[in-house]
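Each chain, written out:
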Amino acid sequence: MPEAPNEHLGHDGAAYPNSYYVRLSEDRLVSTLHSQGAWQPGEQHLAPASGIVLAEIERRLPSDKLISRVTFDVLGVIHSGEFTIDVDVVRPGRTIELVEARMRHGDRTSVTARVWRLQASDTEAVAGDEWPAMPSVSEVPEIPFTNRWGGGYIASLEGRQDADAHPGYARSWVRSPYPLVDGEIDPPTAAFVKFVDTANGLAVREDPKTTFFPNVDLSIHLTRVPELGWVGFDTKVAFGPTGLGQTTSVLSDVDGPIGTAVQSLTVRRGQGAV
């Protein structure tokens, strides 16, 4: 992995706000240490980075349509410091639309997102799913994820994990008191999505000190607008024999299952960076 200089606000010991980002202008922001990734100090974690990219879509392209799917592709190291987010409508429509956004560091794009938004309708009479229910938050023991992972983002989280967790499988709850942007309220779906990339570190199959397994994408499908608060993960991790892996999760909020997330992993032995 190319080394990234540490330019997070607070990296030099200066004070920084209890948020993942600080807004500099309409489309420009700067990362704080709370957004710091786990693989190296000078990167952003994809979880808050995906959250802020989606938040800018929700803020700058408001719609009464509902987010059905959002897919993020990671084009390289997500550098710390200042960055720009561009948003655009790819496919406008009265009932269905496709929008996209890009996180840029100068001329270099690190994250792209494509979001399908669909017209809402009343389907309460046929609502249902076959996803497993999570144990309630109160039933799950607290766990410090910093025991396994470093970085400011992981340190910002409050976590719980069921006692039946084992390598490659875990049921977990995650939340944080910090907003995406200092002084701003998170848009509803972005407030949920800013935790979802955490999944790849919740059901660790191999020690990250000896095996490198970052994800190169994140695809989230939702069946309703999330409730704010705890985010639940029923997560399974698979490694194949030729360097490919996958993390899959059923996502929940406090009202029950809400959708799924899938991450494609590049698995490399002996190249851990934690």
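Residues numbered from 1 in each chain as written. Predicted model: local features only at pLDDT ≥ 70, side-chain atom pairs only at ≥ 80, totals over all residues. Heavy atoms only, no water.

- The protein is annotated in an unreviewed UniProt entry as Thioesterase-like superfamily protein of Brevibacterium iodinum ATCC 49514.

### Thoughts on the packing of aromatic side chains
Remark: the centre distance and the inter-plane angle together describe each pair of aromatic rings, the angle taken between the planes.
1) Next: Enumeration according to the criterion identifies eight aromatic pairs in this entry.
2) Next: An angle of 50 degrees between the planes, with centres 5.7 Å apart, marks the rings of Y20 and Y153 as tilted. Here Y20 is found in the segment before β1 (21–23), whereas its partner Y153 is found in helix α2 (residues 152–155), with 133 residues between them in sequence.
3) Next: Each ring, one from W39 and one from F213, has its centre 5.5 Å from the other, and the planes form 90 degrees; the classification is edge-to-face. With a gap of 174 residues between them, W39 in the loop between β2 (28–31) and α1 (46–60) and F213 in the loop between β9 (211–212) and β10 (217–222) connect regions that are remote in the sequence.
4) Next: Cluster of aromatic residues (ring-pair linked, three or more members): W39, W149, F212, F213 and F239. (Phe/Tyr/Trp six-rings, centres within 6.5 Å; stacked < 30°, edge-to-face > 60°. Helix = DSSP H or I, 4+ residues; strand = E, 2+ residues; numbered from the N terminus.)

### Observations regarding the pairing of strand β5 (residues 96–105)
1) Next: Counting buried positions along β5 yields seven of ten residues, so the element is predominantly enclosed.
2) Next: As paired strands, strand β4 (residues 82–91) and β5 are joined by seven bridges and run antiparallel to one another. Residue pairing in the sheet places D86 in a bridge with R102 of β5.
3) Next: One ladder, built from ten bridges, connects β5 with strand β6 (residues 108–118); its direction is antiparallel. Within the sheet, the bridge partner assigned to E100 lies in β6 and is R114.
4) Next: Between β5 and β6, which pair antiparallel in sequence order, lie two residues; one of them, G106, sits at a positive phi of approximately 70 degrees. (Buried < 20%, exposed > 50% of the residue type's maximum accessible area, 1.4 Å probe, protein only. Pairing = 2+ DSSP bridges.)

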